[in-house]
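# A structural walkthrough
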Amino acid sequence: MAESIYSNGTKVWFEDKERGWIPGEVVSSSVQGDGSVEIAFITERQKEITLKSTLKDITNNTSKLPPLSNPSGYEQVEDLTHLPHLNEPSILDVIHNRYAERKLYTYSGIVLVAVNPFTDVPIYGQDIIQTYAGHKREELGPHLFTIAEEAYRALQRDTKNQTIIVSGESGAGKTESAKYIMRYMASVKSNTVRETTSSTSVEHQVLATNPILEAFGNAKTSRNDNSSRFGKYIQILFDDQSSIVGARIRTYLLERSRISFQQRSERNYHIFYQLCEGASPEERANFGLDSDATGYRYLSSSSIKIDNVNDAANFTATRQALAIVGIDEEKQLAIFRLLAGLLHLGNVEINHRRDAKDAIIDEKNDAALQKAMELLGIDAAEFAKCTTKRLIDARGEKFSSARTMDQSIGVRDGVAKFIYSCIFDWLVLRINASLSSNDAIQREKSFIAVLDIYGFEHFRTNSFEQFCINYANEKLQQQFISHVFKLEQAEYALEAIDWTTIDFSDNQPCIDLIEGKLGILALLDEESRLATGTDESLIDKLNSQLKTPEHKSIFKDHLHGNEAFTVAHYAGDVSYNIDGFLEKNRGTVPEEHKDLLTSSSNDFLREVIDVGINIGIDTHHGPVSKSKAVGPSKAVSGRKPTQCSVFKSSLLTLTEALSVTDIHYIRCIKPNESKRAWEFNSPLVLSQLRACGVVETVRITSAGYPTRWTYEEFAARSILLSFLHTAH
Ligand SMILES: Nc1ncnc2c1ncn2[C@@H]1O[C@H](COP(=O)(O)OP(=O)(O)OP(=O)(O)O)[C@@H](O)[C@H]1O
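The rules we used
- Residues numbered from 1 in each chain as written.
- Predicted model: local features only at pLDDT ≥ 70, side-chain atom pairs only at ≥ 80, totals over all residues.
- Heavy atoms only, no water.
- Core = buried A, V, L, I, M, F, W, Y, C linked by side-chain atoms within 4.5 Å.
- Buried < 20%, exposed > 50% of the residue type's maximum accessible area, 1.4 Å probe, protein only.
- Helix = DSSP H or I, 4+ residues; strand = E, 2+ residues; numbered from the N terminus.
- Contact = heavy atoms within 4.5 Å.
- UniProt positions renumbered as here; feature names shortened; annotations may be inferred.
- Salt bridge = Lys/Arg side-chain N within 4 Å of Asp/Glu carboxyl O.
- Axes fitted to C-alpha atoms, helices over the stretch in contact; angles between N-to-C directions.
- Parallel < 35°, antiparallel > 145°, perpendicular 65-115°, else oblique.
- Left-handed = near helix turned anticlockwise from the far one by under 90°.
- Nonpolar A, V, L, I, M, F, W, Y, C, P; charged D, E, K, R; others polar.
- Pairing = 2+ DSSP bridges.
- Patch = residues over 30% accessible without salt bridge, like charges linked within 9 Å, V, L, I, M, F, W, Y side chains within 5 Å.
- Areas by Shrake-Rupley, 256 points an atom, 1.4 Å probe, with all protein chains shown as cover.
- Lys, Arg positive; Asp, Glu negative; His and termini not counted.
- Charge placed at Lys NZ, Arg CZ, Asp CG, Glu CD.
- Near = heavy atom within 4 Å.
- Polar contact = N/O pair within 3.5 Å; in protein donor to acceptor, adjacent residues only side chain to side chain.

Judged by nonpolar contacts, the single largest core of 188 residues is most densely connected at Phe 216, Phe 272 and Phe 565. For this core, the leading source of residues is helix H15 (residues 405–435), giving 14 residues. The residues contacting Phe 216, other than those within four sequence positions of it, are Tyr 269, Ile 271, Thr 318, Ile 335, Leu 339, Tyr 420, Ile 423, Phe 424 and Leu 427. Membership of the second largest hydrophobic core comes to 11 residues, among which are Tyr 6, Val 12, Ile 22 and Leu 68.

Have a look at this one:
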């Protein structure tokens, strides 16, 4: 029986550098009396390969022989789990075949795999929404709307909260998918009898959050012209009639470093270019704004224009969206005033004295400083003094010491980053206040949430941001795997099949290494709180405390000196460059600057700083559950929360929230790096399928029973085989 699995003519898959996998075929096989088996193959590239195994290994599915191809008829299955031979190459082949036929979506059991077309496809219109509304998964092909509809039906049926997790790497299509899902939710209800003017306006408000968050939180990167530089969890709130009554947003880890620096082909946040292009002449005069964005240091290191994007028109759209969520004209001007202030702040010249390293700012003649401070409501001389000199408090005695030019530039940019992140926090808070008003909370019975979160990242140089992102992915992967594992067990139980043999990879050791009591986050925080802490002292600490037998396979020695550490993640090893870890984690400004900001004569600046400072460990960017009040509360402990402690606690809240919702998974895949329509690069797709858990799901499934036939299919096939057998 075992040898018949690899009988002559059997189609198999061979690994291939260029295409991921290529087809091959068995040309001969022989079995020896001791159970050893020798099989000869020929690949599509006409290469002959002979491999050995044993009958026992073949039977137990532990042989190293090439994976089997599926019989014809399965080339474009809608659900990968229906494949008789469930293996990595077959999965890739099906997704590829479907994409070639312009089918973007494929199920992999509970997961919807979505491949980015990189061109407009007419499959998201109102007509299509109405087609999917009220229909079950089996009735229509795989689509984002099937998942949205499933979540919506489940909410109506069980009144249980639902979460749709949309993940994938940058440019894979997460945000677009999340927007289509939100649009589906908003539209599908509009067609019902319960439609009212007010519910329509709530839906309008919910959709208006997208252009706002995109203007302030998205930027052009080398991989995506509209890349979200933060994670978001949006809960759409429903009443007992399943009508939308509001929404609640939580955001994660806005990339602050982008404010003062961007790579060559990248941009700062869209809103700055929108403001420069779209402000009225009067606003321009008030803010001292030049329409030429290249005049601003914070914008000039980057490319200014994006093809097919009209920043001025988008500015109008952003303003309309702000008005829809209740941020009136006056407040909008107050926001733009601060943004203009930041652009001028970036232009403040900081030099050093000719005879010394001490930084200087020519405060009286620096027009940028004067304008920036006028807009921010801060005394220019005070700001210049604090930026170039440090106030030291030694046992009650205060004296000042000069900063170097680089240190002062760091402080200037740190203030800009801090103010911008406070504006972002304030916006999220305001959106929440307007979309989850007391009335909405009273009426809220359940929610459907969409989590649009960055996928696993592994670049040539990885920093604090990648570390946090990959930590989040470890947590989500853990939840995903245990979910899949439970479902697999349930399926076996249903068919009364023994399932005790399944073994699945557990990433708990990696999570322990990161968030354990003496793990990386704890050590990072400890070092960040020391006045004397530096990136060098941090890496020394990590190496001395974590290079232990317990973490041996997860925390790895770095080969290139003391500037990086390596973590073995579930999706691969990643080396993190330690440079900037402490500064990014502290994420704050010197006390003197904080005092200047909190005593500014600009009321709105004081308001946003207050929001930013008081974002507590436990309530970052608004609540995720009804039980918690809207708005940030004071920091929980007396200590200023660091970025990673805020992130860790918001992840904890998120995973808790997820654990009490039904989860639906959408894995977005980027089919090529050049954003070309309908181009499919197999090795690139394969690496994403591995990183997002689709392959892992298959591995779990294969560890149990890798070949799946329904009883009917099995009977049909066996009858045919036994007939052929008797005929011979
Ligand atoms: N369903 C789709 N139809 C057409 N084009 C799409 C679709 N999904 C994505 N795209 C294209 O791909 C680009 C990138 O998509 P998107 O911004 O959603 O990626 P992302 O995964 O959210 O990336 P990031 O993590 O950088 O924010 C879009 O700007 C759009 O051009």
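Residues given the UniProt feature "binding site: ATP" (unreviewed entry) here are Gly 168, Glu 169, Ser 170, Gly 171, Ala 172, Gly 173, Lys 174 and Thr 175. Looking at the element boundaries, Gly 171 is found in the loop between strand E7 (162–168) and helix H6 (174–190). For Gly 171, a relative accessible area of 9% corresponds to the buried category. Excluding residues that lie within four positions of it along the chain, Gly 171 makes contacts with Asn 116, Phe 118, Arg 223, Asn 224 and Lys 670. Looking at the element boundaries, Gly 173 is found in the loop between E7 and H6. Excluding residues within four positions of it along the chain, Gly 173 makes contact with Asn 116 and Cys 668.

What follows deals with the pattern of salt bridges. If you walk through the whole model with that rule in mind, you get 41 salt bridges. Note that Lys 179 is salt-bridged to Glu 176, the shortest N-O span being 3.5 Å. One end of the pair is Lys 179 and the other is Glu 176, both in helix H6 and three residues apart, which spans about a single turn. Residue class for Lys 179 comes out buried when judged on its relative accessible area of 15%. The shortest N-O distance in the salt bridge between Glu 374 and Lys 371 comes to 3.2 Å. Here Lys 371 and Glu 374 lie together in helix H13 (residues 367–376), a separation of three residues that amounts to about one turn. Here the salt bridges do not stand alone but share partners, grouping Arg 229, Glu 255, Arg 258 and Glu 266 into one network.

Here the focus is the packing of helix H12 (residues 329–346) against H15. Between H12 and H15, the least distance of the axes is 9 Å, while the angle of their chain directions is 165°. Classified by the interaxial angle, the pair formed by H12 and H15 is roughly antiparallel. Seen from above, H12 lies across H15 with left-handed handedness. Here H12 contributes Lys 331, Ile 335, Leu 338, Leu 339, Leu 342, Leu 345 and Gly 346 to the contact with H15, which in turn contributes Arg 412, Val 415, Ala 416, Ile 419, Tyr 420, Ile 423, Trp 426, Leu 427 and Arg 430. Among the residues making up the contact of H12 with H15, the classes are represented as 12 nonpolar, one polar and three charged.

Looking along a regular strand, one sees the side chains alternate between the two faces of the sheet. Sheet topology places strand E1 (residues 11–16) next to strand E2 (residues 20–31); six bridges connect them, and they run antiparallel. Bridging across to E2, Lys 11 finds its partner in Glu 25. Sheet topology places E2 next to strand E3 (residues 36–43); seven bridges connect them, and they run antiparallel. Note on E3: the bridge partner recorded for Val 26 is Phe 41. The turn linking E2 back onto E3 is made up of four residues, and Gly 35 within it adopts a positive phi angle of 90°.

Paired through backbone hydrogen bonds, the strands of a sheet run either parallel or antiparallel to each other. Ordered in space as E17-E18-E19, the three strands form an open sheet in which the pairing is antiparallel. Edge positions in the sheet fall to strand E17 (555–556) and strand E19 (572–577), since each of these pairs with one other strand and no more. Packing against the sheet, helix H17 (residues 464–494) makes contact with strand E18 (564–569) and E19, and its axis sits at approximately 150° to E19. Seen against the sheet, helix H18 (residues 508–515) touches E17 and E18 and runs at an angle of roughly 150° to E18.

Quick look at the environment of Asp 93 now. Along the chain, Asp 93 falls in helix H3 (residues 88–100). With relative accessibility at 25%, the residue Asp 93 sits in the partly exposed group. Through-space distance from the C-alpha of Asp 93 to that of Tyr 74 is 10.0 Å; in sequence the pair is 19 residues apart. Contact partners of Asp 93, with chain neighbours within four places excluded, come to Trp 13 and Glu 75.

With that settled, the discussion passes to a negative patch on the surface. On the surface, a cluster of negative charge is contributed by Glu 536, Asp 540, Glu 563 and Asp 579. Following the sequence through the fold, Asp 540 ends up in helix H20 (residues 535–546). Overall, the relative accessible area of 42% leaves Asp 540 in the partly exposed class.

Turning next to the site of the ligand. What surrounds the ligand is a group of 18 residues, the closest being Ser 170, Lys 174, Thr 175, Ser 227 and Ser 228. Take Glu 176: an N or O atom from its main chain is 2.8 Å from an oxygen atom of the ligand. Taking Ser 228, its main chain carries an N or O atom lying 2.7 Å from an oxygen atom of the ligand. Surface burial for the ligand is 86%, taken as the share of its 630 Å² of free accessible area covered by protein chains. A per-element tally of the shell around the ligand places H6 first, with four residues. Of the residues in the shell around the ligand, the class split is five nonpolar, 10 polar and three charged.

Unusually for a residue other than glycine, Phe 118 sits at a positive phi of about 55°. Inspection of the secondary structure assignment puts Phe 118 in the loop between strand E6 (111–115) and helix H4 (126–132). Backbone geometry at Trp 678 places phi at a positive 60°, although glycine is not the residue there. With respect to the element layout, Trp 678 can be found in the loop between strand E20 (662–669) and helix H25 (682–691). You can call Trp 678 partly exposed: its relative accessible area is 22%.

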